[in-house]
Amino acid sequence: MVLLFSIFSDYLNRMTDTSKRLELKQILSSLFIESGTDLKKVIYLIQGKIAPDYEGKETGIAEKTVIEILSDISGNDPEIILRKLGKIGDIGSLTQELMNSNKQELLFKDIMTVDKVFNTLKLISEKSGPDSTKIKKDLMKNLLLSGSADEAKYIVRIALGKLRLGVADSTILMGLVDAFHFEDISQDVESYYNFNPDLAGISEILFKNDREEIKNFGPKPMIPFKVMLAERLQSIPSILEKMGGKAAFEYKYDGLRAQVHIKDGTVKIFSRGNEETTGQFPDVVEAVKSQRKIKDGILDGEMVPYNPATGEIFPFQEISRRRGRKNDLSTSSAKSDNIMKFEVVSEEGKEIQRAGNKTIEDEIPITLFLFDIVYLNGKDLSRKGYSDRRKALQRTIKETDKIKLAQRIESSDPAELEAFFELSIEDGCEGIVAKSLDKKSIYRAGARGWNWIKYKRDYQSMINDTFDLAVVGAFWGHGRRAKTYGALLLATYNREKGIFETFCKLGTGFTDDVLFSLPRIFSGSVVPGKPNNVDSILIPDVWIYPDKVMEVKGAEITVSPIHTCNKDALGKGLALRFPRFTGRWRDDKKPENATNNIEILEIYKNQKKSL
Amino acid sequence: MTKLSISIKNLREIIDLLNTVVSEAKLKLDSNGLNVKAVDSAHVAMIDIHMNRESFIDYDVDQEDELAVDVDKLKGIIKLATSNDNIVMIKENERLKFKLGSISKSIPLLDNSSVLTPKVPAIHSESYVILRKGELERGLKAAEDVSDAIKLIMKPDEFRARSASESEDSEMVLQKTDLIELNCSTEVKSSYPLDYLLRLVKSLGNAEELKLSFKDDYPLSIEFKTSKDAVEGVSGFFLLAPRMEH
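Residues numbered from 1 in each chain as written. Chains lettered and ligands numbered in written order. Predicted model: local features only at pLDDT ≥ 70, side-chain atom pairs only at ≥ 80, totals over all residues. Heavy atoms only, no water.

**Examining the overall build of chain A**
Item 1. Regarding its fold elements, chain A presents 23 helices and 25 strands.
Item 2. Burial analysis of chain A (611 residues in total) assigns 59% to the buried set.
Item 3. Summed over its atoms, the accessible surface of chain A is roughly 25600 Å², and 48% of this surface lies on carbon and sulfur atoms. (Helix = DSSP H or I, 4+ residues; strand = E, 2+ residues; numbered from the N terminus. Buried < 20%, exposed > 50% of the residue type's maximum accessible area, 1.4 Å probe, protein only. Areas by Shrake-Rupley, 256 points an atom, 1.4 Å probe, with all protein chains shown as cover.)

Spelled out as structure tokens, the structure:
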């Protein structure tokens, strides 16, 4: 059975027409059943990808190339096409329009199947060498000319990584469970996914009806997983109450979350977003290699700028200096501390920036503070309780200047814990994390549960924490800000519905460098209409597809008729008063990991209690 | 064992022609000689080349053989030769060995299954024109900076090549008397992408005459032969998909 790409694009049209999760699930389920042996390719294409994230494969087609192709095909000057793109905003829709006008014919056409499109995109991604630009262009041209204008629209969006269906991974997973009747073990499917977030890989297992494989979910060295997350509470007594009176408490280091995978002498480091960052931390890699007791293993921890001589922890921003300059806003802004610095690795992944005669490793020494171990020498430890895992960690790891275990106490005494918390702040941490001593306190990948609870403090505001919010829109500024955005529309994530709900308009906390670069920062994410996965009453001047997360502080949470966060639960929405950008771009977080509506509701309730 | 000896002139013509369309090609060798069919990745242009075994200096092929090659690498070898050189090509395991004068060099052969030979679409037009290559080249060059497409028009008594943009235009008009042959009963016209044509004409250094066949909004066929001798040289045809005007 071969799935025609025209049938696939009909499904994509149907998905674009709805934002209701159940409807999406039904559409996906029918598509998956119809896909047959093309299922894996269908899953990748829905996500606008050609390989799992951690392989880092992209088609390598640039928007400029597509514009050249459209110029060749339509006979229009590239300038005219660019102008049209400015008006329409979406290159997919523009392609569709141009395919209906003047058109280059082909000598012969292959049948457009999902298989053909996927394989061609993969071939494009693999082409290199002197003639590769022309070949990539010709292969792409062939794809666009072989099918209908509607198909061409989706091919361009997929090739440029701009499919943006707004379908959450969890919805795709629900569709798979429905299509292949795994409802009875849907929790296991979810756990499997959290330890191995490759939907295409999972689809194959479900297609083969391999229930045993699913039930044996767990971590595997070298396959990055979704790290376990913590809930939050506002006071130590409430944490103790939640944890049955006693718990372990660890320092909450303010660095970069690192999942460290070790296999046969090779060490790889992945971020919480499952991107490989091994190349940026050669010193950490070497330090892990010298740990004698681990042949195969997976460690969870935080990489922090740390001076072992003085015991001093440096601000988080120092670690950003290890990351490159690929997306820096400008030369001047690169010097500023409170600006996002996207990660970059040289082609070999081994670039080390040099400062004077010192390597950056000497300048900003990084220490890996470990707090968990989920796999060790052939054994999955993720289903063991926290206490057992911590013991295994202590038995396995030999502490050095580069590798330490997270500071920790076990206590039921609020006063002692308050003092431990104060000490953590003094030592340069964000706060503390409580960990349940219950035997059921297993390592739940990807889950934010009550087995881990974080406690942070911000002395200036009523709310003790910052929020990580996804950007979904922008409003043009006035006066001094006339040429940039005056405010951004920010949203929390509703996991149950798979949509982003607006929470505040953010207009303060920007340095001038950032402020005047906002349109440029978001230029790749602007979309012509409201993204399918956004719920908003406010209509911004510019809609932005949620793919960037900003850290924001606020004064308090209030009920609001114009925001949609928790609107279903309360009848009205919740909003953040006096939001202020902290200067920290959470490029380590995917938008689906933004602060969620349940957390907001919890904080709102606590806030009411304290009043 | 496959062993060929070929003049640098003939090999250069083959490579230049292939290079107008592809960067990888499969050379098929049989009792008649060499055949190559190649289509560009976009499927807009195709070339079909033949060289008789008599055109080779030596032609030692056991029945049939296929050599899948990287055209760029062949270009690199050609650059090493002087114009009077003959080149010996020997297939050895997965490699193709070249001997030219005092130099020997070998390149890897590509996997035969990775380089596909396209099927040639059945194309037929009653109307055709035979003209000197130099005339066509002038018409194409006149259009080069005007537009990226050229419209060819054949009438019972003339042949035109026209190109136009918003601000510029160019036209070449050749009367029947200027042409070697013209066979056209009613007017036909069709547009084609110019860049492919320019590359093809440039690569046909030694061809004197070209036969162009087409009809309304239909693929263009250009037949060529790089030598006047009946046996010698490279012959073949080039196909180019039209650009439709809606």
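**A closer look at helix H3 (residues 39–46) of chain A**
Residues and elements named next belong to chain A.
Item 1. Counted residue by residue, H3 has 6 buried out of 8 residues, so it is predominantly covered.
Item 2. Looking only at H3, the buried set comprises Leu 39, Val 42, Ile 43, Tyr 44, Leu 45 and Ile 46.
Item 3. On its buried face, H3 is in contact with helix H1 (5–16), helix H2 (21–35), helix H7 (114–126), helix H9 (149–159), helix H10 (169–179) and helix H12 (199–207). (Contact = heavy atoms within 4.5 Å.)

**Points about the interface of chain A and chain B**
Item 1. Contact residues are listed per partner, giving 21 residues for chain A and 28 residues for chain B.
Item 2. Of the roughly 1900 Å² buried between chain A and chain B, counting both surfaces, carbon and sulfur atoms make up 53%.
Item 3. On the surface where chain A and chain B come into contact, there are 0 salt bridges.
Item 4. The interface formed by chain A and chain B holds 8 residue pairs in polar contact (both at pLDDT 80 or more) in total.
Item 5. Of all elements in the fold, only helix H4 (63–74), strand E1 (103–104) and helix H8 (132–146) of chain A reach the threshold of two or more residues within the side of chain A that touches chain B.
Item 6. Looking at the side of chain A that touches chain B, the element that brings in the most residues is H8(A), giving 6 residues.
Item 7. When grouped by side-chain class, the residues that make up the side of chain A that touches chain B number 6 nonpolar, 6 polar and 9 charged.
Item 8. Here 2 bridges tie E1(A) to strand E19 (residues 243–244) of chain B, and the two strands are oriented antiparallel to one another. What sits directly across from Lys103(A), in E19(B), is Met244(B). (Buried area = accessible area lost by both parts, 1.4 Å probe. Salt bridge = Lys/Arg side-chain N within 4 Å of Asp/Glu carboxyl O. Polar contact = N/O pair within 3.5 Å; in protein donor to acceptor, adjacent residues only side chain to side chain. Nonpolar A, V, L, I, M, F, W, Y, C, P; charged D, E, K, R; others polar. Pairing = 2+ DSSP bridges.)

**Section: the pairing of strand E16 (residues 209–213) of chain B**
Residues and elements named next belong to chain B.
Item 1. Judged from the 5 bridges that link them, strand E10 (residues 128–132) and E16 form a sheet pairing that is antiparallel. Bridged to Leu 131 within E16 is Leu 210.
Item 2. Pairing between E16 and strand E17 (residues 220–225): 4 bridges, direction antiparallel. Opposite Leu 210, over in E17, you have Phe 224 as the bridge partner.
Item 3. Count of turn residues in the E16/E17 antiparallel hairpin: 6 residues, of which Asp 217 carries a positive phi of about 45°.

**Re the domain arrangement of chain A**
Item 1. Splitting chain A by domain gives domain 1 (48–159), domain 2 (229–456) and domain 3 (467–610).
Item 2. Between domain 1 of chain A and domain 3 of chain A, the C-alpha centre-to-centre distance is 33 Å. (Domains from an automatic or database assignment.)

**What to know about the environment of Ser113(B)**
Residues and elements named next belong to chain B.
Item 1. With respect to the element layout, Ser 113 can be found in the loop between strand E9 (103–108) and E10.
Item 2. For Ser 113 and Tyr 128, which are 15 residues apart along the polypeptide, the C-alpha to C-alpha distance reads 37 Å.
Item 3. A polar contact is formed between the side chain of Ser 113 and the side chain of Asp 111, at a distance of 3.0 Å.

**Points about the pattern of salt bridges**
Item 1. Summed over the entire model, instances satisfying the criterion amount to 51 salt bridges over all chains.
Item 2. Across the pair Asp372(A) and Arg389(A) runs a salt bridge whose closest N-O atoms are separated by 2.7 Å. One end of the pair, Asp372(A), is in strand E10 (residues 366–376); the other, Arg389(A), is in helix H19 (residues 386–396), and 17 residues separate them in sequence. Taken individually, Asp372(A) and Arg389(A) each receive the classification buried, so the pair is uniform in this respect.
Item 3. Two residues, Lys75(B) and Asp72(B), come together in a salt bridge whose shortest N-O distance is 3.8 Å. In this pair, Lys75(B) and Asp72(B) are both assigned in helix H2 (residues 71–80), 3 residues apart and thus about one turn of the helix distant.
Item 4. When salt bridges with common partners are traced through the structure, they connect Asp254(A), Asp468(A), Glu551(A), Arg584(A), Arg586(A), Asp588(A) and Lys589(A) into a single cluster.

**Examining a negative patch on the surface**
Item 1. Side chains of Glu144(B), Asp145(B), Glu168(B) and Asp169(B) sit close together on the surface and give a patch of like negative charge.
Item 2. Relative to the helices and strands, Asp145(B) resides in the loop between helix H3 (133–144) and strand E11 (149–155). (Patch = residues over 30% accessible without salt bridge, like charges linked within 9 Å, V, L, I, M, F, W, Y side chains within 5 Å. Lys, Arg positive; Asp, Glu negative; His and termini not counted. Charge placed at Lys NZ, Arg CZ, Asp CG, Glu CD.)

**A look at the domain arrangement of chain B**
Residues and elements named next belong to chain B.
Item 1. Each domain of chain B was delimited in the assignment, giving domain 1 (2–114) and domain 2 (128–240).
Item 2. Put simply, the middle of domain 1 and the middle of domain 2, counted by C-alpha atoms, are 27 Å apart.
Item 3. Contacts between the two partners involve 21 residues from domain 1, matched on the other side by 20 residues from domain 2.
Item 4. Of the roughly 1700 Å² buried where domain 1 meets domain 2, counting both sides, 55% is carbon and sulfur surface.
Item 5. Three residues stand out in domain 1 for area buried against domain 2, namely Glu 13, Leu 17 and Thr 20, and they jointly supply 30% of the buried area on that side.
Item 6. The interface formed by domain 1 and domain 2 holds 0 salt bridges in total.

**What to know about the packing of H8(A) against H9(A)**
A packed helix pair is summarised by two numbers, namely the angle formed by the two axes and the spacing between the axes.
All names here are of chain A.
Item 1. H9 packs onto H8 with a crossing angle of 150° between their chain directions and a minimal axis gap of 8 Å. On the basis of their axis angle, the class for H8 and H9 is roughly antiparallel. The crossing of H8 and H9 is right-handed. Together, Met 140, Leu 143 and Leu 144 of H8 and Ala 152, Ile 155, Val 156 and Ala 159 of H9 make up the contact between the two elements.
Item 2. Classifying every residue of the contact of H8 with H9 gives 7 nonpolar, no polar and no charged. (Axes fitted to C-alpha atoms, helices over the stretch in contact; angles between N-to-C directions. Parallel < 35°, antiparallel > 145°, perpendicular 65-115°, else oblique. Left-handed = near helix turned anticlockwise from the far one by under 90°.)

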